[in-house]
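Chain by chain, the residues run as shown.
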Amino acid sequence: MTEYFEIQSDIANLAVVEERLFHFCHECNAGNYYAAISVATLKAVENAIVHGNHQVSEKKVNIGFGTCRGGIFTEVTDQGDGFDFSHYGALPAESSDKGTGIFIIKSLADKTTYSDGGRHLRLEFMINGIDPTDALERITVLQQHFSPVAA
């Protein structure tokens, strides 16, 4: 089961992606994993629109959903200039929001693969079961980074 489509580079189109991904996850009996899959995928699409295509509405973002061995994959491709993705993915500096989206994506996906100079991103989510230790580690890292500081 695979589905590909394209959207214009408009943040309003995130709702279209979200709805189609919701139905895809439920058709694949992966509804319990929808939250992690959708947050990571929508962040990747948002990055493609904002940072890749610079919100130029004439530029397109291609999106794909499919099943892979042991899980679900999503793919996002923009028409931008690409970027050096090797500098991103670690915990962003507190003084900068730069790289936060990629950090979230890498924290939620089991595998991330960039290609085409950073214009194409493939995310894989293993839905046959995640090791409880890995799940707890993901939750802890995200809570530490995104929890509001007590006054």
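Residues numbered from 1 in each chain as written. Predicted model: local features only at pLDDT ≥ 70, side-chain atom pairs only at ≥ 80, totals over all residues. Heavy atoms only, no water.

Engineer: For the pairing of strand E4 (residues 111–115), give the residues involved together with the corresponding values.
Structural biologist: Here E4 runs beside strand E5 (residues 120–126); their pairing, made up of 5 bridges, is antiparallel. Paired with Tyr114 across the two strands is Leu121, which belongs to E5. Hairpin connection between E4 and E5: a loop of 4 residues separates the two successive antiparallel strands, and Asp116 in this loop has a positive phi of roughly 55°. (Pairing = 2+ DSSP bridges. Helix = DSSP H or I, 4+ residues; strand = E, 2+ residues; numbered from the N terminus.)

Engineer: Outline the packing of aromatic side chains, listing residues and values.
Structural biologist: Counted under the stated rule, the structure contains 6 aromatic pairs. Ring geometry for Phe22 against Tyr34: centres 5.3 Å apart, planes inclined by 90°, an arrangement best described as edge-to-face. Taken together, the residues Phe22 in helix H1 (residues 14–27) and Tyr34 in helix H2 (residues 34–52) connect sequence positions 12 residues apart. Residue Phe22 is classed as partly exposed on the basis of its relative accessible area, which comes to 35%. With relative accessibility at 15%, the residue Tyr34 sits in the buried group. Relative to Tyr114, the ring of Phe85 lies with its centre 4.8 Å away and its plane at 15°, an arrangement referred to as stacked. (Phe/Tyr/Trp six-rings, centres within 6.5 Å; stacked < 30°, edge-to-face > 60°. Buried < 20%, exposed > 50% of the residue type's maximum accessible area, 1.4 Å probe, protein only.)

Engineer: Report on the sheet that holds strand E1 (residues 2–8), specifying residues and quantitative values.
Structural biologist: Within the open sheet, the 5 strands sit side by side as E1-E2-E3-E5-E4. Their pairing is antiparallel. Two strands close off the open sheet at either side, each with one partner strand: E1 and E4. For this sheet the average axis-to-axis angle between neighbouring strands, irrespective of direction, equals 15°. Sheet topology note: the strand E3 (residues 71–77)/E5 ladder contains 7 bridges and is antiparallel. Counterpart to Gly71 in the pairing with E5 is Met126. H1 rests against E1, strand E2 (60–68) and E3 of the sheet, and its axis sits at about 10° to E2. (Axes fitted to C-alpha atoms, helices over the stretch in contact; angles between N-to-C directions. Contact = heavy atoms within 4.5 Å.)

Engineer: Describe in detail the nonpolar core, supporting the description with residues and values.
Structural biologist: Where a protein is soluble and globular, its nonpolar side chains tend to be buried together. Ranked by internal contacts, the top residues of the largest apolar core, which has 34 residues, are Ile7, Val17, Val45, Ile63, Ile72 and Leu123. Here the element with the most residues in this core is H2; it accounts for 8 residues. Setting aside chain neighbours within four positions, we find Ile72 in contact with Phe24, Cys25, Cys28, Ala30, Ile37, Gly66, Thr67, Leu123, Glu124, Phe125 and Ile127. (Core = buried A, V, L, I, M, F, W, Y, C linked by side-chain atoms within 4.5 Å.)

Engineer: Residue-level account of the side chain of Thr41, with values.
Structural biologist: Here Thr41 lies in helix H2. Looking at Thr41, its side chain comes within polar contact range of the side chain of Thr74, at 3.1 Å. Those residues in contact with Thr41, other than ones at most four positions away along the chain, are Leu21, Phe65, Thr74, Val76, Leu123 and Phe125. (Polar contact = N/O pair within 3.5 Å; in protein donor to acceptor, adjacent residues only side chain to side chain.)

Engineer: Could you give me a rundown of the pattern of salt bridges, with the residues and numbers involved?
Structural biologist: For the structure on display, the rule yields 5 salt bridges. For Asp116, the salt bridge identified is with Arg119, shortest N-O distance 3.3 Å. On the basis of relative accessible area, Arg119 is assigned to the partly exposed category, the value being 23%. Connected via shared salt-bridge partners are Glu75, Arg122 and Glu124. (Salt bridge = Lys/Arg side-chain N within 4 Å of Asp/Glu carboxyl O.)

Engineer: Which residues make up the environment of Val45, and what values go with them?
Structural biologist: Summarising the element assignment, Val45 is placed in helix H2. The exposure class assigned to Val45 is buried, which follows from its relative accessible area of 0%. Separated by 32 residues in sequence, Val45 and Thr77 place their C-alpha atoms 8.3 Å apart. When sequence neighbours within four positions are dropped, the list of residues in contact with Val45 reads Ile7, Leu14, Val17, Ile63 and Val76.

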